[in-house]
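# An overview of the molecular structure
Each chain, written out:
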Amino acid sequence: MGSGEPNPAGKKKKYLKAALYVGDLDPDVTEDMLYKKFRPAGPLRFTRICRDPVTRSPLGYGYVNFRFPADAEWALNTMNFDLINGKPFRLMWSQPDDRLRKSGVGNIFIKNLDKSIDNRALFYLFSAFGNILSCKVVCDDNGSKGYAYVHFDSLAAANRAIWHMNGVRLNNRQVYVGRFKFPEERAAEVRTKDRATFTNVFVKNFGDDMDDEKLKEIFSGYGPTESVKVIRDASGKSKGFGFVRYETHEAAQKAVLDLHGKSINGKVLYVGRAQKKIERLAELRRRFERLRLKEKSRPPGVPIYIKNLDETIDDEKLKEEFSSFGSISRAKVMVEVGQGKGFGVVCFSSFEDATKAVDEMNGRTVGSKPLHVTLGQARRRW
């Protein structure tokens with residue numbers, strides 16, 4: 001799958017017959033530039049740069065669809081990590097079914113990499129252990145962040161890579177190579193370990209008059225502290241929470257057991273183990289997923305979009321204006337910093353009600369402005 005090296009016969013899986021994913025693209029790369037780059041490899045059906053649906057800014061990746069699978073395979077074997085617009089791109093088979101990627105099977109994690117190791121070097125280091133679906137060194141504006149991911153097409157290949165490469169010195173740095181773990185799994189491991197060893201305590205729900213000294217006075221009775229901090233905003237006002245770090249786990253645990261739920265100056269304190277960053281991120285992901293499922297479970301509706309709304313129109317007034325046309329499941333005026341942005345959406349329970357509202361309300365003056373009303377696409381459950 002790398003430049004100039006064909007894959008061993010029988011090992012490769014064609015995920016989409018003749019389509020390649022192209023990653024790490026320069027923002028200025030266009031469909032035409034992709035076409036000119038890959039056309040020498042064989043006849044193309046089309047090229048596509050993926051863009052943000054709202055801003056239309058390029059997302060740094062795209063697809064090249066060949067007419068013939070053999071040409072796609074030739075491009076994959078000979079053009080991976082070539083330059084376009086002065087930047088090396090990554091190629092892999094397009095995988096429209098992302099169940100393999102989401103399963104994590106065959107995926108490994110590498111850390112403590114020397115900054116000189118790039119995607120091309122990573123690929124050649126690990127390709128000896130099996131067929132690679134994708135590999136990526138994680139980078140920021142300053143270059144490599146020292147860790148990477150390699151996804152093999154089988155668990156056996158991933159296990160071989162871990163067995164042979166974990167603990168090996170690359171460019172005089174000993175690397176860690178292990179099974180990829182999803183954030184939720186890593187968070188659970190950290191949580192289990194930290195519960196038995198934590199020394200950092202999180203405190204919230206105290207009054208605005210709480211400062212570092214007062215907080216230390218409350219918590220120092222349970223053992224020596226390394227640091228006590230009330231978190232403040234830019235103006236210096238307390239945000240109502242802080243942290244106490246003890247020298248020992250026993251002191252921290254005793255403070256949590258004794259002070260959680262205790263009333264201080266009429267405020268009931270929350271005192272608990274301070275979560276690690278990975279735990280907080282996992283909790284945010286769970287909340288986001290719950291909101292997504294809640295949104296998905298909402299009854300389908302037929303939306304209409306309203307532009308040129310008067311500044312005086314809010315959600316209630318919008319619903320009132322359109323309620324005579326049928327049952328409305330949602331009416332929303334888009335706002336920014338408390339000010340209406342001049343457009344909104346109304347969801348009707350039936351297509352007939354929505355089209356009637358468009359016919360009657362498009363061009364009608366509401367407040368001081370004539371409305372522009374159009375029919376949207378009905379939501380469906382998939």
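Reading the values: rules and limits
Residues numbered from 1 in each chain as written. Predicted model: local features only at pLDDT ≥ 70, side-chain atom pairs only at ≥ 80, totals over all residues. Heavy atoms only, no water. UniProt positions renumbered as here; feature names shortened; annotations may be inferred. Phe/Tyr/Trp six-rings, centres within 6.5 Å; stacked < 30°, edge-to-face > 60°. Helix = DSSP H or I, 4+ residues; strand = E, 2+ residues; numbered from the N terminus. Buried < 20%, exposed > 50% of the residue type's maximum accessible area, 1.4 Å probe, protein only. 1 Å grid on protein atoms, 1.4 Å probe; cavity = no way out; pocket = protein on both sides within 12 Å on 5 of 7 lines; lining within 4 Å. Points joined across faces, edges and corners; volume = space filled by probe spheres on them. Nonpolar A, V, L, I, M, F, W, Y, C, P; charged D, E, K, R; others polar. Salt bridge = Lys/Arg side-chain N within 4 Å of Asp/Glu carboxyl O. Domains from an automatic or database assignment. Contact = heavy atoms within 4.5 Å. Polar contact = N/O pair within 3.5 Å; in protein donor to acceptor, adjacent residues only side chain to side chain. Pairing = 2+ DSSP bridges. Axes fitted to C-alpha atoms, helices over the stretch in contact; angles between N-to-C directions. Arc of directions from axis to C-beta.

The name given to the protein in an unreviewed UniProt entry is Polyadenylate-binding protein 5, with Acinonyx jubatus as the source organism. Looking at the Function (unreviewed entry) heading of the UniProt record, one finds this comment for the protein: "Binds the poly(A) tail of mRNA. May be involved in cytoplasmic regulatory processes of mRNA metabolism. Can probably bind to cytoplasmic RNA sequences other than poly(A) in vivo." In its Subcellular location (unreviewed entry) section, the UniProt record describing the protein reads: "Cytoplasm".

On inspection of all chains with the given rule, the structure shows 18 aromatic pairs. Considering the side-chain rings of Phe38 and Phe66, the 6.4 Å spacing of their centres and the 80° angle between planes classify their relative orientation as edge-to-face. With Phe38 in helix H1 (residues 31-38) and Phe66 in strand E3 (residues 58-66), this pair connects stretches of sequence that are 28 residues apart. For the pair Phe38 and Phe66, one class covers both residues: buried. Three or more aromatic residues link up through ring pairs in this structure, and these residues are Phe109, Tyr147, Tyr149, Phe180 and Phe182.

This part covers the layout of surface pockets. Here the second largest pocket is characterised by a volume of approximately 420 Å³. Lining the second largest pocket are 14 residues, with Phe202, Tyr270, Arg273, Gln275 and Arg280 sitting closest to its centre. Going through the elements one at a time, helix H6 (183-195), strand E13 (200-204), strand E18 (270-273) and helix H9 (277-297) are the ones with two or more residues in the lining of the second largest pocket. Among the elements that make up the lining of the second largest pocket, the one with the highest residue count is H9 (four residues). For the lining of the second largest pocket, a count of residues per class yields five nonpolar, two polar and seven charged.

The next point concerns the pattern of salt bridges. With the rule as written, the count across this model stands at 16 salt bridges. Between Lys136 and Asp24 there is a salt bridge, and its shortest N-O distance comes to 2.9 Å. Of this pair, Lys136 sits in strand E8 (residues 132-140) while Asp24 sits in the loop between strand E1 (19-23) and H1, and the two are 112 residues apart along the sequence. On the accessibility criterion, Asp24 (16% relative accessible area) is buried.

Assigned domains of the protein: these are domain 1 (16-93), domain 2 (98-185), domain 3 (200-277) and domain 4 (302-375). Computed over C-alpha atoms only, the centres of domain 1 and domain 3 are separated by 54 Å.

In this structure the tally under the stated criterion is one cavity of 30 Å³ or more. Looking at the largest cavity, its volume works out to about 40 Å³. Taken together, ten residues line the largest cavity, and the ones lying closest to its centre are Asn80, Arg90, Leu91, Ser134 and Cys135. Listing elements by their share of the lining of the largest cavity, those giving two or more residues are strand E6 (90-93) and E8. Partitioned by chemical class, the residues of the lining of the largest cavity number seven nonpolar, two polar and one charged. In terms of domain composition, the lining of the largest cavity takes at least three residues from each of domain 1 (16-93) and domain 2 (98-185).

The next subject is unusual backbone geometry. You will see that Asn171, though not glycine, has its phi angle at about 50°, which is positive. Within the fold, Asn171 resides in the loop between strand E10 (169-170) and strand E11 (173-174). Since its relative accessible area comes to 48%, Asn171 is described here as partly exposed. The backbone of Asn172 shows a phi angle near 70°, a positive value even though the residue is not glycine. A residue is classified by how much of its surface remains accessible, and Asn172, at 63% relative accessible area, is exposed.

So, on to the environment of Asn308. Mapped onto the fold, Asn308 is located in the loop between strand E19 (302-307) and helix H10 (315-322). Measuring from C-alpha to C-alpha, the distance between Asn308 and His164 comes to 64 Å, with 144 residues separating the pair along the chain. Contacts of Asn308, omitting those with residues within four sequence positions, involve Gly342, Lys369, Pro370 and Leu371. Within the structure, Asn308 has its side chain in polar contact with the backbone oxygen of Pro370 (distance 2.8 Å).

This next bit is on the sheet that holds E3. Read from one edge of the open sheet, four strands run E2-E3-E1-E6, paired in antiparallel fashion. Only two strands of the sheet have a single neighbouring strand rather than two, namely strand E2 (44-51) and E6. Across the sheet, the mean angle separating the axes of adjacent strands is 20° when strand polarity is ignored. Across six bridges, E2 lies against E3 in antiparallel orientation. Bridging from a neighbouring strand, Ile49 pairs with Gly62 of E3. The strands touched by H1 within the sheet are E1, E2, E3 and E6, with E2 carrying the most contacts at an inclination of about 140°.

This part takes up helix H4 (residues 119-126). Spacing of three or four residues puts side chains on the same side of an α-helix, whose turn is 3.6 residues. When H4 is considered as a whole, its buried residues turn out to be Asn119, Leu122, Phe123 and Phe126. Buried residues of H4 fall within an arc of 100° about the axis and therefore sit on the same side. Check the buried side of H4 and you find it contacts E6, strand E7 (107-111), E8, strand E9 (143-152), helix H5 (155-165) and strand E12 (176-179). The N-terminus of H4 is capped by Asp118, whose side-chain oxygen sits 3.3 Å from the backbone nitrogen of Arg120.

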